[in-house]
Amino acid sequence: MVKGTPELIADRREAIINACEKLYQTKSFREITLKEIGSEVPFSRPTIYNYFQTKEEIFLALFQREYERWNEDLTAILEGHDAMDRQSLADQIAESLANRIQLLKLLSMNNYDMEANSRIELLTDFKKAYGHSMRLMCMLLNKFCPELSAADIQNFIYLFFPFMFGIYPYTAVTDKQRTAMQEAGVDYVYQSVYELTCSCLIRLLGDKP
């Protein structure tokens, strides 16, 4: 049981997640250690273990926060419009993901290991945020595409959410990767997160008004 006021607990937990986020800007998941995360927080490293037992749990909390931030974006789309055509809806959703690059980066990681090495209560909290994203997407489709059936919406969810796992690798391309593609003779047209996502959404939603 973590001791302290709710404010202190929340502040320290956020500090740990922020430290992980800072390191993740310049290092990969494999390179980051608990020791390095501990060096970035304003309290002793052993204190981290009162909140998170593994590096994977910290990354899962960062992942959860990114979903929660995307949920805020999706809620703003849902509540900010009375009606939208499918092109406009695709545009709004694509724009929301273009602003959530860190979410897409985390999606491209080995999520299986992250979840496998996290306690059930933390994994459940993460799944709540993930599940809320799915529910919000269903609400968007129900509101702005009322002609879609329940089966249509389910198919959309089962296609679009797996698609999201591949957005970052296809759009965040390094110079080394570009050079390798050129030398391999692969003729590939690079797209932005917005372009790739919007194109996918338009195809999934179809061309109905």
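Chemist: Describe the overall build of the protein, listing the residues and the values that go with them.
Modeler: Each helix and strand in the protein was counted, giving eleven helices and zero strands. Listing the helices and strands of the protein from first to last along the sequence gives α-α-α-α-α-α-α-α-α-α-α. Summarising its shape, the C-alpha atoms of the protein cover approximately 55 × 50 × 25 Å along the three principal directions. When each of the 209 residues of the protein is scored for burial, the buried share is 39%. If you take every contact in the protein between residues at least 6 apart in sequence, the share linking residues at least 24 apart comes to 75%.

Chemist: Any chance you could break down the packing of aromatic side chains for me, citing the residues and the numbers?
Modeler: For any pair of aromatic rings, the description consists of the separation of the ring centres together with the inter-plane angle of the planes. Per the counting criterion, the structure on display carries 15 aromatic pairs. Taking 6.1 Å as the distance between ring centres and 85° as the angle between the ring planes, the aromatic pair formed by Y130 and F161 counts as edge-to-face. Here F161 lies in helix α8 (residues 150-164) and Y130 lies in helix α7 (residues 120-144), a separation of 31 residues in the sequence. Seen in terms of ring centroids, F160 and F161 are 6.2 Å apart; in terms of plane orientation they differ by 90°. Their pairing is edge-to-face. Here the two residues F160 and F161 agree in accessibility, since each one is buried. Over the aromatic face of Y24 sits the side chain of K105, whose NZ or CZ is 4.0 Å from the ring centroid. Sitting over the face of the ring of Y190, R178 holds its NZ or CZ atom 4.3 Å from the ring centroid.

Chemist: Could you give me a rundown of the pattern of salt bridges, with the residues and numbers involved?
Modeler: For the coordinates displayed, the defined rule picks out twelve salt bridges. Among the salt bridges present, the one from E21 reaches R65, with a minimum N-O distance of 2.9 Å. Residue E21 is found in helix α1 (residues 6-24), and its partner R65 is found in helix α3 (residues 55-80); the two are separated by 44 residues along the sequence. Note on accessibility: E21 and R65 belong to one class, buried. The shortest N-O distance in the salt bridge between K22 and E40 comes to 3.0 Å. Here E40 lies in the loop between α2 (34-39) and α3 and K22 lies in helix α1, a separation of 18 residues in the sequence.

Definitions and cut-offs
- Residues numbered from 1 in each chain as written.
- Predicted model: local features only at pLDDT ≥ 70, side-chain atom pairs only at ≥ 80, totals over all residues.
- Heavy atoms only, no water.
- Helix = DSSP H or I, 4+ residues; strand = E, 2+ residues; numbered from the N terminus.
- Buried < 20%, exposed > 50% of the residue type's maximum accessible area, 1.4 Å probe, protein only.
- Contact = heavy atoms within 4.5 Å.
- Phe/Tyr/Trp six-rings, centres within 6.5 Å; stacked < 30°, edge-to-face > 60°.
- Lys NZ or Arg CZ within 6 Å of the ring centre and 35° of its normal.
- Salt bridge = Lys/Arg side-chain N within 4 Å of Asp/Glu carboxyl O.

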